[in-house]
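Here is what each chain is made of, one letter per residue.
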Amino acid sequence: INNMLRHCLQVARRQRFHRSWSSLATRSDMSPHVDGQQRHQLQSNKLQPAIPKRYFGISRHLDPLAPVLDDDSEDLITTIPEKKVYTADDLEYEEIKDTNNAMSRKMNEGEMYWGDGDDSDDDDDEFSNMFGLSNDDNDDNKKHPLSEQDELSIQDKAYAEKQAMIKAELDKRTGRLWTDEWVIPDEEWMSTDTWDDIEEWRPELATRKSLESVKVFDGGVPTLQQLSNLPLPASLPPHPGHGSPSIHASHRKRQIQRRLQTSIQLSIHDDLQKILKMTSWEEKQEGVDGLFEVIEERVREREPILGKLPDFKNMVEDGLEQVLRMVQSRMRGAAAAAATATANDDEGGVESSAGEVAKATNTDDITDVMGVKKETSVPVFMDLLAVKSGDSSGDKASPSLSNFFTQSNDGGVPNLVYPLKVHHDEGVGRMVEEWELAANKETKRIMMRDAMKEIASKVVESANCCGGDVSDDMKGAAKVFVVGKRGVGKTAALAGLVASARVSGHIVAYLPDGDRLRKHGFYVEPCSQRKGLYNLPEIAKEFCEQLLTSHGGDLDKMIASKEVMKGYLTSDQITRVFTRAHNTDDDAGDTTNTDAATTELSLSKLLEVGSGSSSLSSGCYSTVISALMNQRDKPFTVVMDEFNCYYDHGHYFHMDYDENVRKAIPLNKITVFKPFMDAMGLYPSEAGNDITSDGATEQSQALMKWGSLIVATSESRAVRRSFTQALTESARAQSQDEKHPTHVVDIRRFSDIEVQHILYNFEITGIGRLRFDRGDTALNPEEVEYLRMVSGGLGQPLLDACMIPY
């Protein structure tokens, strides 16, 4: 616009000072009213060059009626009538005149800016009207108001700038699980709401469906015995792309077979009821033959997709035969139960016996061999904050719980899973992140799964630790090796087992951060009492403090003699231990030293001394662990997460082990890890260190006398995959051992019903975008299926998908 204005002003100024025509005026060009003298003067004068006007739609020749003036002429020839001629320039000026007010104002400002300061007032008046503006419009002090159209244009420009700014900010974000274009409605673009404007979360925001669907265990946390008996839904089998296609293929075959058998049962239900009421064998045989004739078409109507299988007919007939055999087996069991009830008439009474017979001969229960009428199992959550101190269930299998386990630490993590916490540099999995992101801080839940049930069953069966009073010859120990893909929930499963074991009365040593322990031990030194072994004094000091904090009350009743201490402490160290123990004892000054006071100490006193002295921590800790592994008063459970990190490349070096300090010390030669690694007895073919059985304690002696040892691998740490695979293969090989088998448990992906209940729980506890959507996600089957698909049935991606809005 400014360039156009500048050009217009320049053309106007040239036309003002050069008004003569560029060609000579001929006789035909002159007006007949001009006399001869004027004509002669005009022809003799040297005319100044001029720029001819551009005519619009007519000839470019000069108009014979137009006046011709030179520079010396001052007067206009008034006798010649003026003729209005519209040129292209005039039409351009007229178009500019008809523009809106905003454009006129800008042109007026441009004219005043480029105006010639030497021009007279008359010239200014002449040019001021060039664009159709009055003198009032040329006033510098006058402000032109914006029209409604201009205001809308300014708003549209601000709207576009805000869109561009928000899009640029969104494009810089990382962590999206997809690359689709951001779809943001106009009301959200122009919204001015901030985080302060969002309403505070409250429990009433959860939908009724979510509150009714989520089931929390009564009492908060079950014991191991209760956990092993819970009806829980099965998880999905391993994905075929995870290296186990045969397992997935077997699962699919069983799933198809079960689906067909369920359809067969529903198809023959009425006919089977009639057959069971028949009395003669010939009638029953004819009825069964009739079922085989019509069963294919009936099942094909129920399963049209499976009906297209090439071997569908044989599959249906085999399935019908299996269903009938199961019904026959149930009939025999019902007859035996009825006979037993009849024989107990004298003891239970006639009415109760008749009731038992009626229940045993109920045809609906007999024919429901596929459990169609059986209630579907749903996931159950444990709430770590719902446990109460004291006797939680009133039986001997559920001993009292200390007040420490009913509280939480400063980070909000329940002490029931102590020492699990979020490390300032390196966390332990991402299980605690769910609790940190939840709006509801009054509950800390862990979903109990079939893998946790399987582990609890192995511990209860092998250790026989939850049956009340058990004789010493019936007590044993279990070894469990937990595997699973990254983010599937191994850390959550171990934490839940730790809580359940402590509620069951176990003394639990929980090592949740194996990756930190294997490389952040501060310094290593040779063990003075046990040649060939090495100590991590600071790690041992930390372990002593943890055991004393969590189970100090139980350990106060257990004794370690001086003979046991000699295996882990020198004579001088034993003397120092007793001196420190008696100096910290409040009653030591009131009594004389007895023989017991100088020959034995409680395990809590040993831990107290070890937690206060780096030079004595390793010996005190080893003494306490040895005493716990060899006692039968209380079950002792050890839970170690990130166990494969102990078989990676080492980070502890000492010249006593390698003079050139090039080889790392294997962790099974470090005193704080040796008891547990010897008890597991896993020596893989490939590892980062030379972890061998040389110098290891025999497994029958290394394993605890009463309790369990549960370890799990980690896929989120920097451990070579081949090391983890070799360790898993070694554990699977030990599962065939008859004396001390290692139970390998695979934590699998979430099933559809588990994903649904996790989303219900997210809505109840207020996590991510489910906090305020009031059921838009959890109650929408398409949204649930989408989240299950993008997460792959894994816990960590599912949490990420619920945190990111879309």
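Bear in mind that the values here come from a model prediction, so they are computed numbers and not experimental data.

Rules behind the numbers
- Residues numbered from 1 in each chain as written.
- Predicted model: local features only at pLDDT ≥ 70, side-chain atom pairs only at ≥ 80, totals over all residues.
- Heavy atoms only, no water.
- Helix = DSSP H or I, 4+ residues; strand = E, 2+ residues; numbered from the N terminus.
- Buried < 20%, exposed > 50% of the residue type's maximum accessible area, 1.4 Å probe, protein only.
- Contact = heavy atoms within 4.5 Å.
- Areas by Shrake-Rupley, 256 points an atom, 1.4 Å probe, with all protein chains shown as cover.
- Axes fitted to C-alpha atoms, helices over the stretch in contact; angles between N-to-C directions.
- Parallel < 35°, antiparallel > 145°, perpendicular 65-115°, else oblique.
- Pairing = 2+ DSSP bridges.
- Patch = residues over 30% accessible without salt bridge, like charges linked within 9 Å, V, L, I, M, F, W, Y side chains within 5 Å.
- Salt bridge = Lys/Arg side-chain N within 4 Å of Asp/Glu carboxyl O.
- Left-handed = near helix turned anticlockwise from the far one by under 90°.
- Nonpolar A, V, L, I, M, F, W, Y, C, P; charged D, E, K, R; others polar.
- Core = buried A, V, L, I, M, F, W, Y, C linked by side-chain atoms within 4.5 Å.
- Lys, Arg positive; Asp, Glu negative; His and termini not counted.
- Charge placed at Lys NZ, Arg CZ, Asp CG, Glu CD.
- 1 Å grid on protein atoms, 1.4 Å probe; cavity = no way out; pocket = protein on both sides within 12 Å on 5 of 7 lines; lining within 4 Å.
- Points joined across faces, edges and corners; volume = space filled by probe spheres on them.
- pLDDT = per-residue confidence, 0-100.
- Phe/Tyr/Trp six-rings, centres within 6.5 Å; stacked < 30°, edge-to-face > 60°.
- Expected span 1.5 Å × (residues − 1).

## Considerations on the overall build of the protein chain
Summing up its helical and strand segments, the protein chain has 32 helices and 12 strands in all. Counting all 806 residues of the protein chain, 41% fall into the buried class. In the protein chain, 76% of the contacts between residues at least 6 apart in sequence involve partners at least 24 apart. Accessible area for the protein chain stands at about 44,500 Å²; split by element, carbon and sulfur atoms hold 48% of it.

## Looking at the packing of helix H30 (residues 752-765) against helix H31 (residues 781-791)
One way to put it is that H30 packs onto H31 with a least axis distance of 10 Å and a crossing angle of 110 degrees. For the element pair H30 / H31, the angle class is roughly perpendicular. On H31, the residues touching Asp-752, Val-755, Gln-756 and Leu-759 of H30 are Val-784, Leu-787 and Arg-788.

## With respect to the sheet that holds strand E1 (residues 215-216)
Across the sheet, which stays open at both edges, the 3 strands sit in the order E1-E2-E3 with mixed pairing between neighbours. Among the strands making up the open sheet, the edge pair consists of E1 and strand E3 (445-448). Alignment of strand E2 (residues 380-383) against E3, held across 4 bridges, turns out to be antiparallel. Note that in E3 the partner of Asp-383 across the bridge is Arg-445.

## Re a nonpolar patch on the surface
Where nonpolar side chains cluster on the molecular surface, the patch consists of Phe-653, Met-655 and Val-661 and spans about 280 Å² of accessible area. Within the fold, Phe-653 resides in the loop between strand E10 (636-640) and helix H27 (674-680). On the accessibility criterion, Phe-653 (37% relative accessible area) is partly exposed.

## Some words on the packing of helix H10 (residues 245-267) against helix H12 (residues 281-302)
Between H10 and H12, the shortest axis-to-axis distance is 9 Å and the interhelical angle comes to 115 degrees. One way to sum up the angle between H10 and H12 is to call them roughly perpendicular. Where H10 crosses over H12, the two elements pack in a sense that is right-handed. The residues of H12 that touch H10, namely those facing Leu-260, Ser-263, Ile-264, Leu-266 and Ser-267, are Ile-295, Arg-298, Val-299 and Arg-302. Taken together, the residues of the contact of H10 with H12 sort by class into 5 nonpolar, 2 polar and 2 charged.

## Some points on the nonpolar core
In terms of nonpolar packing, the biggest core is built from 61 residues, with Phe-643 and Tyr-646 touching the most fellow members. Other than its neighbours up to four places away in sequence, Phe-643 contacts Phe-481, Met-680, Leu-682, Val-711, Ala-712, Thr-713 and Leu-727. Residues Val-417, Val-480, Val-503 and Ala-712 belong to the second largest nonpolar core, which totals 50 residues.

## Focus on unusual backbone geometry
A cis amide bond links Tyr-418 with the next residue in sequence, Pro-419, at an omega value of 10 degrees. Positioned with a positive phi, Phe-522 is a non-glycine residue whose angle comes to about 70 degrees. Structurally, Phe-522 is set in the loop between helix H20 (514-517) and strand E6 (525-526). Here Phe-522 falls in the exposed class, since its relative accessible area comes to 69%. Although it is not a glycine, Val-661 adopts a positive phi angle of roughly 50 degrees. Assessed through its relative accessible area of 40%, Val-661 is described here as partly exposed.

## A few points about the pattern of salt bridges
Inspection of the entire model under this criterion finds 20 salt bridges. The residue Arg-208 makes a salt bridge to Glu-212 at a minimum N-O spacing of 3.2 Å. Of this pair, Arg-208 and Glu-212 both sit in helix H8 (residues 208-213), 4 residues apart, which is roughly one turn of that helix. Owing to a relative accessible area of 62%, Arg-208 belongs among the exposed residues under this scheme. On the basis of relative accessibility, which here comes to 55%, the residue Glu-212 falls in the exposed class. A salt bridge links Lys-605 to Glu-608, with the nearest nitrogen and oxygen atoms 3.8 Å apart. Of this pair, Lys-605 and Glu-608 are both found in helix H25 (residues 603-612), 3 residues apart, which corresponds to roughly one turn of the helix. Exposure remark for Glu-608: the relative accessible area of 34% places this residue in the partly exposed category. In this structure, a network of salt bridges that share partners links the residues Asp-515, Arg-518, Lys-519 and Asp-648.

## Comments concerning a negative patch on the surface
Taken together, the side chains of Glu-282, Glu-283, Glu-286, Asp-289 and Glu-293 define an acidic patch exposed on the protein surface. Counting through the fold element by element, Glu-282 comes out in helix H12.

## Focus on empty space enclosed by the protein
Within the structure shown, the criterion is met by 8 cavities of 30 Å³ or more. The volume enclosed by the largest cavity comes to roughly 620 Å³. Around the largest cavity, the lining is made up of 36 residues, and of these Met-431, Val-488, Gly-489, Ala-492 and Gly-795 lie nearest the centre. Secondary structure elements with two or more residues in the lining of the largest cavity: helix H17 (431-437), E3, helix H18 (450-463), helix H19 (490-503), H30 and helix H32 (795-803). Here the lining of the largest cavity is composed, by residue class, of 16 nonpolar, 10 polar and 10 charged.

## Examining the confidence of the model for the protein chain
Overall, the predicted model of the protein chain reaches an average pLDDT of 79, with 73% of residues at or above 70. Note on residues 112-134: pLDDT is under 50 here. Beyond four places in sequence and across chains, it has 36 contacts. Below a pLDDT of 50 lies the segment residues 587-593, which in the model reaches 2 contacts outside its immediate sequence neighbourhood of four places, other chains included.

## Observations concerning the packing of aromatic side chains
By the definition in use, this model includes 7 aromatic pairs. With centroids separated by 5.1 Å and ring planes inclined at 50 degrees, the aromatic side chains of Tyr-646 and Phe-673 adopt a geometry described as tilted. Within this pair, whereas Tyr-646 is found in the loop between E10 and H27, its partner Phe-673 is found in the loop between E10 and H27, the two being separated by 27 residues in sequence. Under the relative-accessibility criterion, Phe-673 is labelled buried at 0%. Here a set of aromatic residues connected by ring pairs shows up, and it is made of Phe-643, Tyr-646, Tyr-647 and Phe-673.

## Looking at H10
For H10, built from 23 residues, the straight-helix expectation of 33 Å at 1.5 Å per residue is met to within 8% by its first-to-last C-alpha distance of 33 Å. Turning to H10, its buried residues are Leu-260, Gln-261, Ser-263, Ile-264, Gln-265 and Ser-267.

## Here we look at the pairing of E2
Side chains Val-380 and Met-382 project from E2 onto one buried face, and the interleaved Phe-381 and Asp-383 project onto a second face that is buried too. One ladder, built from 2 bridges, connects E1 with E2; its direction is parallel. Bridge pairing in E2 links Val-216 to Phe-381.

## Regarding helix H6 (residues 148-171)
When the terminal C-alpha atoms of H6 are compared, their 35 Å separation across 24 residues agrees well with the 34 Å that a helix rising 1.5 Å per residue should span. Considered for burial, the residues of H6 that qualify are Asp-150, Gln-163 and Leu-170.

## Focus on the sheet that holds strand E4 (residues 477-484)
In spatial order, the strands read E5-E10-E11-E4-E12; together these 5 strands make up an open sheet with parallel pairing. The sheet is open, and its two edges are formed by strand E5 (507-511) and strand E12 (742-747), each paired on a single side. The average angle at which neighbouring strand axes cross in this sheet is 15 degrees, direction not considered. For E4 and strand E11 (residues 707-712), the ladder comprises 6 bridges, and the chain directions are parallel. Note that in E11 the partner of Phe-481 across the bridge is Val-711. Of the strands in this sheet, E4 and E12 are in contact with helix H29 (residues 721-734), which crosses E4 at around 140 degrees.

## Comments concerning the side chain of Lys-674
As for its placement among the helices and strands, Lys-674 is situated in helix H27. Note on Lys-674: relative accessible area 6%, which makes it buried. The contacts of Lys-674, once residues within four sequence positions are left out, are Arg-530, Leu-533, Leu-667, Asn-668, Gly-695, Ala-696 and Thr-697.

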